[in-house]
Amino acid sequence: MRMKELGITQEQVIEKTKKYMMEFTDRLDFVCDHAKGMYMYDAEGKAYLDFFAGIAVNGAGSCNDRVVKAVQDQAGDLMHASAYIYTAPQALLAEKVCTTVGFDKVFFQNSGTEANEAMIKLARKYGIDTKGENDWKIVTAYKSFHGRTFGAMAATGQPDNACQMGFGPMIQGFSYADFNDLDSFRDAVDEDTIAIMVEPVQGEGGVYPADPAFLQGLRDLCDEKGLLLLFDEVQTGWCRTGDVMAFMGYGVKPDAFTMAKALGGGVPIGAVCATEELARHFTPGSHGSTFGGNALVCAAALAEIEELLEKDLAANAKEVGPYLMDQLRTLPHIKEVRGRGLLVGAEFDESISSAALKHQCFDNQLLTTSVGQHIIRLLPPLIVTKEDCDQAVAIMRKSVEELAARG
Ligand SMILES: Cc1ncc(COP(=O)(O)O)c(C=O)c1O
């Protein structure tokens with residue numbers, strides 16, 4: 001519902017949020033009233049060009065017609081039934097996911113971090129069941145980000161970051177190695193290691209794509225040592241990087257991988273996919289979820305991924321992403337532009353603070369997100385056009401110039 005119908009002003013929304021919510025994020029001074037496609041709007045109808053898609057969620061664009069209709073239709077018939085009852089939306093989504101990504105089994109969760117918890121649990125269960133009670137260690141990468149629950153938080157290779165500091169001892173069983181450095185991973189593996197887990201493109205850590213030889217090297221290392229290769233595709237999944245899953249573009253198949261964000265197109269859902277051999281180690285009672293994969297979210301997710309696939313938005317990401325990166329390279333104060341498909345990082349020199357630039361872009365009606373001190377991450381909906389990119393880069397140019405002039 002829009003704010004007018006709710007009888008609330010922008011100021012009241014901000015005031016109530018600040019008063020009643022625990023706040024951890026550097027929010028934009030923006031109350032989003034409604035959104036459609038490439039734009040988000042405030043209550044007065046002022047349009048903001050969306051280059052972050054709710055952090056890589058709104059893949060087919062905000063409030064995509066097909067997803068909206070699926071939610072509306074499903075909400076009137078059945079929203080939730082629990083994992084003890086079969087539902088058609090869940091069965092149809094499971095089939096669509098597995099057949100599209102070429103995996104045997106899927107389990108639905110509610111978020112990316114939960115999907116990673118499930119994958120970590122599955123890897124440990126497999127190790128302990130098949131190799132012995134000490135085989136449960138996982139090597140992950142520095143600068144990775146896997147989520148904020150205890151397993152995913154410990155898997156996150158950022159020991160000095162606020163996302164880990166102050167939460168007491170991390171759970172045991174994780175060690176870290178340097179991303180894109182195969183020798184570092186080889187050195188980190190010991191006799192108790194059961195798996196290696198990485199993002200094909202590190203997103204939150206600053207947008208660092210894996211080198212193809214590194215991912216293939218990890219696969220070979222895992223095969224040589226009898227380890228599981230696990231990919232976190234929470235941010236890279238569902239067409240973002242120019243392929244349906246990033247691993248498909250790299251041609252390196254993991255034993256299990258996770259997804260979330262764009263899978264739901266706006267409803268909260270995550271999932272872990274695994275081979276049959278691995279999946280059978282989750283036995284009755286060993287894992288579960290009350291909400292995971294309920295009828296409402298599965299109906300929405302099915303509509304979202306059908307839209308992504310039918311419109312071939314992976315191909316759009318593959319074509320428009322490099323165009324966007326080329327345009328970004330022309331910006332003043334730019335140091336490096338990197339990414340894969342439409343997961344793009346623009347790193348500026350030390351004179352430009354990414355947090356300040358994000359706010360300046362917002363003032364000029366462009367939505368972006370910052371990672372680290374000098375990196376702007378661009379994650380537009382996958383329907384983005386080259387003209388949208390021209391407009392976004394023009395706004396960024398203006399914003400950088402305004403910041404630089406301010407000194
Ligand atoms: C690669 C990756 N894994 C996991 C997560 C955590 O997902 P969620 O916030 O849905 O728990 C994120 C979130 O940004 C992510 O980028």
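Scope of this entry: the structure provided in the associated data block. Throughout, residues of each chain are indexed from 1 in the direction in which the sequence is written. Only residues with pLDDT of 70 or above have their local features reported here, since the model is predicted, and side-chain atom pairs are shown and tallied only from 80 upward, although totals for entire chains, interfaces and linings are computed over all residues.

### Brief notes about the nonpolar core
Grouped together as the largest cluster of nonpolar side chains are 122 residues, with contacts concentrated most on Ile 196, Leu 228, Leu 230 and Ala 271. Here a strand is any run of E in DSSP of at least two residues, a helix any run of H or I of at least four, and the numbering for each starts at the N terminus. For this core, the element with the highest residue contribution is helix H12 (residues 295-310), accounting for 11 residues. Note that the domain bounds reflect an automated or database-derived domain assignment. Each of two domains, domain 1 (3-60 + 312-406) and domain 2 (65-310), supplies a minimum of three residues to this core. Only buried residues count toward a nonpolar core: Ala, Val, Leu, Ile, Met, Phe, Trp, Tyr and Cys, linked into one set through C-beta atoms within 7 Å. In this scheme the burial state of a residue depends on its C-beta neighbours within 10 Å: 20 or more other such atoms mean buried, 12 or fewer mean exposed, and anything in between means partly exposed; the C-beta positions come from the backbone.

### So, the environment of Leu 49
Positionally, Leu 49 belongs in strand E3 (residues 47-50). Placed 164 residues apart in sequence, Leu 49 and Ala 213 show a C-alpha to C-alpha distance of 36 Å. By the convention adopted here, residues are in contact when the distance between their C-beta atoms, placed from the backbone, does not exceed 7 Å. Leaving out residues up to four positions away in the same chain, Leu 49 has contacts with Met 38, Tyr 39, Gln 365, Leu 366, Leu 367, Asp 388, Gln 391 and Ala 392.

### Describing the site of the ligand
Placing a C-beta atom from the backbone of each residue, we mark the residue near a molecule or strand if the atom is within 6 Å of it. The full set close to the ligand counts 15 residues, and Ser 111, Gly 112, Thr 113, Val 234 and Gln 235 are the nearest of them. Its residues assigned to classes, the shell around the ligand comprises 4 nonpolar, 8 polar and 3 charged. Gly is put with the polar residues, along with every residue not named as nonpolar or charged; the nonpolar set is Ala, Val, Leu, Ile, Met, Phe, Trp, Tyr, Cys and Pro, and the charged set is Asp, Glu, Lys and Arg.

### Regarding the packing of helix H4 (residues 65-77) against H12
Here, axes are lines fitted to C-alpha atoms. For helices the fit covers the stretch in contact, and angles between N-to-C directions go from 0 to 180 degrees. One can describe the packing of H4 onto H12 by two numbers: an axis separation of 8 Å at closest approach and a directional angle of 155 degrees. As judged from the angle between their axes, H4 and H12 are roughly antiparallel. In this structure, H4 crosses over H12, and the sense of that crossing is right-handed. Between H4, through Arg 66, Val 67, Ala 70, Val 71, Gln 74 and Ala 75, and H12, the contact on the second element is made entirely by Ala 295, Leu 296, Ala 299, Ala 300, Leu 302, Ala 303, Glu 304 and Glu 307. Should an angle fall under 35 degrees it is called roughly parallel, over 145 degrees roughly antiparallel, and 65 to 115 degrees roughly perpendicular, with every other angle called oblique. The handedness criterion is simple: a crossing whose near helix is rotated anticlockwise from the far helix by less than a right angle is left-handed, and one whose near helix is rotated clockwise is right-handed.

### Considerations on the sheet that holds strand E16 (residues 369-371)
Think of a sheet as strands paired side by side through backbone hydrogen bonds, with each pair either parallel or antiparallel. A pair of strands is considered paired only if DSSP assigns at least 2 bridges between the two. One open sheet accounts for 4 strands, arranged E13-E14-E17-E16; its pairing is antiparallel. Whereas interior strands pair on both sides, the edge strands pair on one side only; in this sheet they are strand E13 (334-340) and E16. Across the sheet, the mean angle separating the axes of adjacent strands is 25 degrees when strand polarity is ignored. Pairing of E16 with strand E17 (residues 375-378), which is carried by 3 bridges, proceeds in the antiparallel orientation.

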